[in-house]
Amino acid sequence: MEKERISSGRRPGNPLRRRVWKDMIRDWKRYLMICIMLVVTIGFVSGMYVTNNSMLHSLDSSIKALRRENGHFRLSEKADEDTVKAIETGVTADVPEVFRERAYNEAEEEVRKAVDEAVEENVRTQVEEAIRTQTEAAVDEQLQQAEKAGMKATEAERTEMIAAAFDTAMKENYDKAVSDALDEAMKSEDYVKAFDDAMKEAKKEIDKEIDEKYTELSDRYGLDEKFDPVPVTVYEDFYKDTDEILPADSDYSGRIRIYSERADIDLFDILKGRAPQNSSEIIIDRMHADNAKISIGDTIKAGNAEFEVVGVAFFADYSALYESNTDTMFDALTFDVGMTTEEGFDRIDANTSYNYAFTYNSPPADKYEEKEMSEHFLKSLITQTAVSDTEDLEIKDYVPAYANQALTFAENDIGKDKAMAGVLLYILTAVLAFIFAVNISSTLEKESAVIGTLRASGYTRGEMLRYYMSAPLLLVVIASVIGNILGYTVFRNIVADMYYNTYSLPKYVPLWTPEAFIRTTVIPFVLMLVINFAVITKTLKLSPLKFLRHDLKKSRRKKAVRLPKWGFFARFRTRVFLQNIPNYIMLFVGVTFVMLLISMAVGLPETLSYYQSSMKDMMFAEDQVILSTTEDEDGNTITTPDENAERFSITSLERKSDMYNEDVSVYGIVSGSRYVKLGSCEEGSVYVSKAYADKYGIRKGDTITLSEKYEHKDYTWKVQDIYDYSGSVSVFMGIAQFNEVFDRDADDFSGYMSDTMITDIDKEYIAKEITSQDMTKVADQLDHSMGAYMTYFQYVCFIVAAILLFLLTKIIIEKNERSISMAKILGYENGEIASIYLFPTALVVFFSEFLAMYLGYKIMAGFWKLIMMQMSGWFGFVLPASGFVKEFLLVFAAYAVITVLDFRRIRRIPKVLALKNVE
Amino acid sequence: MSNEEKMFLSVSGLKKSFGSGETRQEVLRGLDFTVAKGEFCVLLGPSGSGKSTLLNILGGIDSADEGEIVINGDKLAEMNEKSLTRYRRKHLGYVFQMYNLIPNLNVKENIETGAYLSDNPLDIDELLKILGLYEHRHKLPNQLSGGQQQRVSIGRAIVKNPDILLCDEPTGALDYKTSKEILRLIEEVNQKYGNTIIMVTHNEAIKQMADHIIKLRDGMIRHDIINTEKLSAAEIEW
């Protein structure tokens, strides 16, 4: 049979493509919610990448523009010009030779003095003896002549005459005779020989001692290593640390570090106001000014000197306000940095810290070279300081730039935030991708016959796959575009505010950041693609016939699970549960994800507030005063009349590791201390604080090794026990053991600790005072930087929980729509139906919450530990029972809201649905 | 009719069984028949006679255990999954008892899902008129009656102008009047476009409008008849 003449049409575009849009419009609530979540997250992460990159770029630019130091060192006193010049050469001084020469010179003087004294004594004795002999002889001759003349003198008269003659002779001749004799003796061979012999002996002793000492010194500092000199330029960067007093705020108690006018190194960027022009003007750090609410025009007191604040600035060497590099956390709340004129600097009545900044004359190529150069330079610094003509010159501090937290912390933290936000986005995208995958799987079941028909008609598996994956992928693209636009506009400012609220940063200019686009578009797209592909492709591999027969299960359960003889509703609910297990697993994953976020949002403020409130109780003494010297100007030991005060010793060692070198406070405690109650301690054993044990997993009986910071000297101890103190990473031992270990005098000590504030020790003798405020400053700073955001984050978590629960319960209800409709036809009421279909979900949410809370807590605690391992000090992640209750209630409240929506959804399912064809 | 036309579709020694061991059930027990090009062939038989299975194997969505099917010179058994899909895409149209339309595509768009598969589809508007759906072209499937929905599904199958139109109980879910309308439409399509039509039905009356009747029972061909007294769809009654 011939076909009739037929008119051909144009091949249309793929109608399934149009259907993608229709699907999205039909199910707009689901897509909108997912889109909002993605837009907000992508926007935030994109904003974070843009801001971070731009800020890091401006920080990086400021290094050159503001001539940031390559490091600094602090000396015990001002170094003389020659020493500074010697340090600048970067050459290691020949310590033994200089010491030997000095010792020889000293020895020569002493030997000569000793020999001269011995010779003089000898000469004097001999001269005196000679005069006595001569006098006696002269007197005897006189008496013989007198006897011949008949005048015999008695023995007493003779003695008297000799004495008188001796006195006269001594007065007239002794000095000259001694002088002549001495001249004679000094010229004699004996004298030269005696001097040479004595010098030889002395040199021998000196050589022996210097060789011994140098070997020890060389071992300690690793001075034998040969390396090229590291020439540097050294700049005076002196400062004074003193109290900062705000006349406008009497409760405020802070400290300020004031630098004299900077012109060559570590310059500043004035963000508001102007530079100081006279001795009563000052500029201070912008971040601290914000925190302490100091405005331009305000007056502050630095110790006893009043200054008018004329500007707020970013100082090149303080992007994070670390008072000391060993502090666990920077402190922009109570620590300030300022700069005044030279005259202004002189007005401040506080000790000058002789801080010197340096820059390498040949800048290092990379971080590795920088580290190596800094190590070599330190050796040069140590030796040049040792051989300095300035007596007793000591290095008090040495901080190369790469290890300076004030320079690197903000930079590293900004980098870490970026990575963290990225991970958060990927987890959220993965969770959403799984939700899509589950939803698509459910759609595949629902549209099984249509798919079968299309496949039977010739649609390929790839075409079907592309169609079903189009919506989620399209959504990611849309969300990415909107998210990135918001990232560059709205979120960028939010993130910038967040950073300006934490760090002292220079002005930044937003930069086009391709990384933001890749991280927030390409990676989520790929994640969505891979996860959906993995889940959908399995089903789409089935034959068209299986789709036509609604037979999508790879392994069909042969028999229904036998249930106990429960009531009808219980069995019905159990069946619903069994039928929806994959969806409930997804629900569990979703709840766990939300719980992890909530663990952070609830746990972080809880942890901080726990430490803020309990740090005072944790401290073993209210006040710890570390003295700069234990003797006053008159050589008397510095004491305090405070009856509660107790001596203690303290030093700082390092626990070295690849990840982070931890500063460990080593305490020497008096026996029977009322503040630190140690038990008996075996030789070579110490107690470690609970913070130390928790951070590094130390147990009783373990061995720990700590090292001197600037020396190659290690100490290894056995852990006697864990001392219940969480305030810091510390080691405790008896003060006698301490003094012996650290080669100090038996009665040596470092300071006093007391339960009352020690106020009667002159400030000039105090090197450092540790109060509860110092201990909580980490928690205070973290609370200030992140606390407020965490409250917002809790609301965000609530919304995310609600959206995820909405999406997941929607899938479960949609999957059961026909059954629900049929139940309605059979006469079940909406309440009964809801109890059948919602109750299993409620139970799953309820139990998932408990499990997820535990998992969230564990993951967060681990994550927290990871953060703390890269920081000095320790405080563990704390989540009190009230925190868990809060977490539980947040998610359950979200679920309660969704249940109302679900109930409404069930009520709206029409009865006719069950009677319609399956399409 | 040339030999080639006569031998457009040939089936020989076709066997198919389901299950294994004791539960093994032979559904097709060695079928041999041919269908000519443009022929309207009806596969008739009671439930469980194997007619739907045979149709699925002819349509390449199920496979035979034994035997050979040659369509227009191509052996189905030699085709892999990809070739079978291409074969369905280019040569076959499917109409099922359930219409299986895409619920959120309108009438025209549902038909376009078929047209998209062909390089040379029929003119859709013209087809819509033939199907009597032109007025309803913007409606969604749930706004149509069962008969209208089946028309759409027929439209979707024939719009790509397939060589063979496979219909599996196309009137099974329809009332008498609507069934006759659908049969008339299939007849019209056959005459107008010259497609080979293989229709599965258990309705004995329908055989009267076929060129070729194959009766199946228990997986075997009981009768293979060329109908010389063919009636039009309008004339048949049941």
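Residue numbers run consecutively from 1 along every chain, following the written order of its sequence. Just so you know, chain letters begin at A and ligand numbers begin at 1, following the order they were written in. The predicted nature of this model means local features are confined to residues of pLDDT at least 70 and side-chain atom pairs, given and counted, to a pLDDT of 80 or more, with totals for whole chains, interfaces and linings taken over all residues. Processing note: side-chain calculations cover all non-hydrogen atoms of the structure and skip hydrogens and water entirely.

1. Observations regarding the packing of aromatic side chains
- Between the rings of Phe, Tyr and Trp (Trp by its six-membered ring), a pair exists once the centres lie within 6.5 Å; its type follows the angle of the planes, with under 30 degrees stacked, over 60 edge-to-face, and the other angles tilted. Throughout the structure, instances matching the rule amount to 56 aromatic pairs over all chains.
- Measuring from centroid to centroid gives 5.3 Å for F238 of chain A and Y356 of chain A, while their planes differ by 85 degrees, and the two rings are edge-to-face. Of this pair, F238 of chain A sits in the loop between strand 2 (232–236) and strand 3 (239–246) while Y356 of chain A sits in strand 10 (residues 352–360), and the two are 118 residues apart along the sequence.
- What makes F238 of chain A buried here is its relative accessible area of 13%.
- On the numbers, 6.1 Å between centres and 25 degrees between planes, the contact of Y459 of chain A with Y116 of chain B is stacked. Linking Y459 of chain A in the loop between helix 11 (448–457) and helix 12 (461–500) with Y116 of chain B in the loop between helix 4 (107–115) and helix 5 (124–131), this pair reaches from one chain into another. Neither Y459 of chain A nor Y116 of chain B differs from the other in exposure class; each is buried.
- An aromatic cluster is present here, built from F73, F238, Y354, Y356, F358, Y360, F377 and Y398 of chain A joined pairwise through their rings.
- Counting as a charge over the ring demands two things of the Lys NZ or Arg CZ atom: a distance within 6 Å of the ring centre and an angle within 35 degrees of the ring normal. For the cation-ring pair, K240 of chain A lies above F345 of chain A, with the distance from its terminal atom to the ring centre recorded as 4.6 Å. Helix and strand definitions follow DSSP, with helices as H or I runs of at least four residues and strands as E runs of at least two, each counted in order from the N terminus. We call a residue buried when its accessible area falls under 20% of the maximum for its residue type, exposed when it is over 50%, and partly exposed in between, using a 1.4 Å probe and counting protein chains only.

2. Let's talk about the interface of chain B and chain A
- Between chain B and chain A, the residue contacts involve 48 residues of the former and 39 residues of the latter.
- The quantity reported as buried area is the accessible area (1.4 Å probe) lost by two parts once they are put together, taken as the sum for both. Carbon and sulfur atoms supply 51% of the area that chain B and chain A bury against each other, a total of about 3900 Å² over both sides.
- It is N100, N104 and Y116 of chain B that lose the most area in chain B upon contact with chain A, and together they represent 18% of the buried surface on that side.
- When a carboxyl oxygen of Asp or Glu is within 4 Å of a side-chain nitrogen of Lys or Arg, the pair counts as a salt bridge. Where chain B touches chain A, the interface holds 6 salt bridges.
- The salt bridge partner of E81 of chain B is R455 of chain A, with a shortest N-O separation of 3.3 Å.
- By the criterion applied in these results, polar contacts are pairs of N or O atoms within 3.5 Å in which, for protein atoms, one can donate a hydrogen and the other can accept it, and in which residues neighboring in sequence qualify only through two side-chain atoms. At the surface where chain B touches chain A, the tally comes to 14 residue pairs in polar contact (both at pLDDT 80 or more).
- Secondary-structure elements contributing two or more residues to the side of chain B that touches chain A are helix 3 (81–91), strand 6 (92–95), helix 4, helix 5, helix 6 (146–158) and helix 7 (176–193) of chain B.
- The residue inventory of the side of chain B that touches chain A, partitioned by class, reads 18 nonpolar, 16 polar and 14 charged. By definition in these notes, contact holds between two residues if any of their heavy atoms fall within 4.5 Å. When residues are sorted by character, Ala, Val, Leu, Ile, Met, Phe, Trp, Tyr, Cys and Pro go into the nonpolar class, Asp, Glu, Lys and Arg into the charged class, and all the rest, Gly among them, into the polar class.

3. A look at a positive patch on the surface
All names here are of chain A.
- Each patch is built from salt-bridge-free residues with over 30% relative accessible area, joining like charges within 9 Å and nonpolar side chains (Val, Leu, Ile, Met, Phe, Trp, Tyr) within 5 Å. Values of accessible area rely on a 1.4 Å probe in the Shrake-Rupley scheme; residue burial ignores everything except the protein chains shown. Charge assignment in this entry is limited to Lys and Arg as positive and Asp and Glu as negative, and neither His nor the chain termini are counted. Note on charges: their place is set at NZ of Lys, CZ of Arg, CG of Asp or CD of Glu. Among the surface-exposed residues, K29, R904, R907 and R908 lie close enough to one another that they form a single positively charged patch.
- Among the elements that line the positive patch, the one with the most residues is helix 22 (residues 881–908), at 3 residues.
- The residue R908 is located in helix 22 in this model.

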